[in-house]
Amino acid sequence: MKFLHLSLFLCTYCIMAQTNYTIIGNLAEIKNTELALRTYNLDKLETLSITKTNDKGDFKLEYPETYSGAAVIEIKGSKSVIVLLNKENFELYWNTIQDYSALKFVNSFENNSFTSGIELYQNTSAKLAGLNYLLPYYAQNNEKRNFFLDEIKAQNKSIASFLNTLPKTAYVNYYLKIRKLVADLNNNKKIAVEDKSSEFENIDFTDQKLVHSGLYFELLDNYFILLEENTDSEFTNIKKSVAIVLQNLDKNATLKQAVAEHLFNHFEKRSLTKVSETIALNMLSDTSCKLDSKLEALFEQYRKMAIGTNAPKLNLVNCNQPNLKFDNINSNYKLLVFGASWCQKCTEELPKLKTFYTSWKQKYNLEIIFISLDTEMATYKEFVKNFPWISSCDLKGWEGAAAREYFVFASPTLFLVDKKNTVLLKPTSPEQLSSWLLLNKK
């Protein structure tokens, strides 16, 4: 019976012991300093563990068995280092913080393999750069040319050969494949799209290994930038790939919303409005995915305030030009600017508009109408007193009629409309608007 109790105790202890794994080590130059272990959730870093080195630089950090992925050990006031976590108790020693080659791991297959893989990729990339540079010089020498081509093939296979030596269950196997794909997309803009499209479209975007990689959005951005340079005017290839990604995320509604929002903003910033529209309509028609209020406003703004739609007429309240009616503003262009005194970005962006205002008014007959989201009359008047354009405020903040009818969810938000109130552009900066006006001058 005693033996049975002892066996049960040991089994219980073993199970409990595996709920957390430890990283111990020494940072010889970093004494009595805070360390933080931060894990990735898409592009966000979340604090998992905080400790402090002792007067010798020794430290101990913990992470749960439930987390497999990349992480960052941040040294307060100093550098940080990426580590891979996957059910390992390991040691980390770093005697010279300024030298990453001095970083050593003990008892960590994941991190030692990661180090080897990165070194191999860097060496291979350097060799390929040299070989590709020399290749054109031997276009007329078949023997030398074939030698270089064979060497290029061998170098291209070296990474794949290394990855094949790693167990499929090792996180480093997955991580290095994704990291290589991200680097290839970023570094080789001449890469054939078809060489990477099938690899990209076969990725499981719900996979927590990807969510915890810290590479999720970088992968999406790099791929779509490459695709952007190799698509038609209707962005057919991009729309197809976006649809594949979003469909893949159907089984995880929360993740789908985050990815859809990121992609939407990515294409908006790059003025690919046709793709943004596709994402907005896809998400609004997805009955299985209940959007939060912010995202619903974001996508509704695109549907209801899309380029070519008719913008609602504004009721100018507490206007700095008394008795002025919106219909009486007889300008070729009207730039509607939603902002507020409490908006830090507004205090940075609105002065920029002032530097363009006179020129826009003279060259393009453009008027600016500022719609304040402030709720106090004194604050509003103080904020707009030096604005040379029209200002209005109903003192209802986000609940004001204009903010609701224009589906404004962030500030500053800008809309450019014509004399008939047709939406022409949703500018992201004064510089972008100036370029648009120059190209579309009537």
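Before reading on, note that the structure itself is shown above.
What comes next is a walk through the structure. (Residues numbered from 1 in each chain as written. Predicted model: local features only at pLDDT ≥ 70, side-chain atom pairs only at ≥ 80, totals over all residues. Heavy atoms only, no water.)

Side note on the packing of aromatic side chains
For step 1, the next point in the chain: Going through the model one piece at a time under the given rule, you end up with 26 aromatic pairs.
For step 2, the next point in the chain: Summarising the aromatic geometry, the rings of Tyr333 and Trp436 are spaced 6.1 Å apart at their centres and angled 85° between planes, so their arrangement reads as edge-to-face. Of the two residues, Tyr333 sits in strand S9 (residues 333-339) while Trp436 sits in helix H15 (residues 430-440), which places them 103 residues apart along the sequence.
For step 3, the next point in the chain: On the accessibility criterion, Tyr333 (2% relative accessible area) is buried.
For step 4, the next point in the chain: Between Phe370 and Phe383 the ring centres are 6.0 Å apart and the planes differ by 55°, which places this aromatic pair in the tilted class. Taken together, the residues span a long stretch of sequence, with Phe370 in strand S10 (residues 366-372) and Phe383 in helix H13 (residues 377-384) at a distance of 13 residues. Both residues of the pair, Phe370 and Phe383, count as buried.
For step 5, the next point in the chain: Cluster of aromatic residues (ring-pair linked, three or more members): Phe200, Phe205, Tyr216, Phe217, Tyr223, Phe224 and Phe267.
For step 6, the next point in the chain: Over the face of the ring belonging to Tyr174 we find Lys209, whose NZ or CZ atom lies 4.9 Å from the ring centre.
For step 7, the next point in the chain: The positively charged end of Lys334 is found above the aromatic ring belonging to Phe326, 5.4 Å away from the centroid. (Phe/Tyr/Trp six-rings, centres within 6.5 Å; stacked < 30°, edge-to-face > 60°. Helix = DSSP H or I, 4+ residues; strand = E, 2+ residues; numbered from the N terminus. Buried < 20%, exposed > 50% of the residue type's maximum accessible area, 1.4 Å probe, protein only. Lys NZ or Arg CZ within 6 Å of the ring centre and 35° of its normal.)

Some points on the side chain of Ser68
For step 1, the next point in the chain: Looking at where Ser68 falls in the secondary structure, it is placed in the loop between strand S4 (58-64) and strand S5 (69-75).
For step 2, the next point in the chain: A polar side-chain atom of Ser68 sits 2.8 Å from a polar atom in the side chain of Asn86.
For step 3, the next point in the chain: Those residues in contact with Ser68, other than ones at most four positions away along the chain, are Leu85, Asn86, Lys87, Tyr171 and His212. (Polar contact = N/O pair within 3.5 Å; in protein donor to acceptor, adjacent residues only side chain to side chain. Contact = heavy atoms within 4.5 Å.)

Quick notes on helix H3 (residues 142-164)
Each full turn of the α-helix corresponds to 3.6 residues, which orients residues three or four apart in the same direction.
For step 1, the next point in the chain: Compared with an ideal rise of 1.5 Å per residue, which puts 23 residues at 33 Å, H3 spans 33 Å between its outermost C-alpha atoms and is within 8% of the ideal.
For step 2, the next point in the chain: The largest bend along H3 measures about 30° and falls at Ser158.
For step 3, the next point in the chain: Among all positions of H3, only Phe148, Ile152, Gln155, Ser158, Ile159, Phe162 and Leu163 are buried.
For step 4, the next point in the chain: Residues of H3 that are buried sit in contact with helix H2 (109-134) and helix H4 (171-187). (Expected span 1.5 Å × (residues − 1). Bend = angle between axes of the 7 residues up to and from the residue.)

Side note on the pairing of S5
Taken residue by residue, a regular strand's side chains alternate between the two faces of the sheet.
For step 1, the next point in the chain: Buried residues dominate S5, accounting for six of its seven residues.
For step 2, the next point in the chain: With five bridges connecting them, strand S2 (residues 34-41) and S5 associate as antiparallel partners. Bridge assignment links Ala36 to a residue of S5, and that residue is Glu74.
For step 3, the next point in the chain: When S5 meets strand S6 (residues 80-85), the two strands line up antiparallel, connected through six bridges. Looking at S6, one finds that Ala70 is bridged to Leu84.
For step 4, the next point in the chain: What sits between the antiparallel neighbours S5 and S6 is a turn of four residues, in which Gly77 has the positive phi angle 75°. (Pairing = 2+ DSSP bridges.)

Notes on the sheet that holds S4
Strands belonging to one sheet form pairs held by backbone hydrogen bonds; the direction of such a pair is parallel or antiparallel.
For step 1, the next point in the chain: Taking strand neighbours across the sheet as the criterion, the four strands line up as S4-S1-S7-S8 in an open arrangement whose pairing is mixed. Strands at the two margins of the open sheet, each flanked by one partner only, are S4 and strand S8 (103-106). Adjacent strand axes in the sheet meet at a mean angle of 20° when their direction is disregarded.
For step 2, the next point in the chain: Alignment of strand S7 (residues 90-94) against S8, held across four bridges, turns out to be antiparallel. Within the sheet, the bridge partner assigned to Glu91 lies in S8 and is Val106. (Axes fitted to C-alpha atoms, helices over the stretch in contact; angles between N-to-C directions.)

A short note on the sheet that holds strand S13 (residues 423-425)
For step 1, the next point in the chain: Sheet architecture is open: five strands sit in the order S11-S10-S9-S12-S13, paired in mixed fashion. Looking along the sheet, the strands with just one partner apiece sit at the ends: strand S11 (390-392) and S13. If you compare each strand with its neighbour and ignore which way they point, the axes differ by 30° on average.
For step 2, the next point in the chain: Where S9 meets S10, seven bridges bridge the pair, whose relative direction is parallel. In the sheet register, Lys334 faces S10, and the bridge partner there is Glu367.

Re the pattern of salt bridges
For step 1, the next point in the chain: The tally for this structure, following the rule as stated, stands at twelve salt bridges.
For step 2, the next point in the chain: Of the charged contacts, one joins Lys240 and Glu201 as a salt bridge, the two residues approaching to 3.4 Å between their closest N and O atoms. A residue pair is termed long-range when its members are at least 10 positions apart, and Lys240 in helix H8 (residues 236-248) and Glu201 in helix H5 (residues 193-201) qualify at 39 residues.
For step 3, the next point in the chain: Judged by its relative accessible area of 47%, Lys240 is partly exposed.
For step 4, the next point in the chain: When its relative accessible area of 22% is taken as the criterion, Glu201 is described as partly exposed.
For step 5, the next point in the chain: Connected through salt bridges with shared partners, the residues Asp250, Lys256 and Asp286 form a single ionic network. (Salt bridge = Lys/Arg side-chain N within 4 Å of Asp/Glu carboxyl O.)

Considerations on unusual backbone geometry
For step 1, the next point in the chain: In this structure, Pro412 follows Ser411 across a cis peptide bond, with omega equal to -5°.
For step 2, the next point in the chain: Its place among the elements puts Pro412 in the loop between helix H14 (401-405) and strand S12 (413-418).
For step 3, the next point in the chain: Look at Asn365: it is not a glycine, yet its phi comes out positive at around 55°.
For step 4, the next point in the chain: Mapped onto the elements, Asn365 comes out in the loop between helix H12 (344-364) and S10.
For step 5, the next point in the chain: The partly exposed category is assigned to Asn365, whose relative accessible area is 30%.
For step 6, the next point in the chain: The backbone of Asn421 shows a phi angle near 70°, a positive value even though the residue is not glycine.

All quantities given are derived from atomic positions and should not be read as evidence of function.
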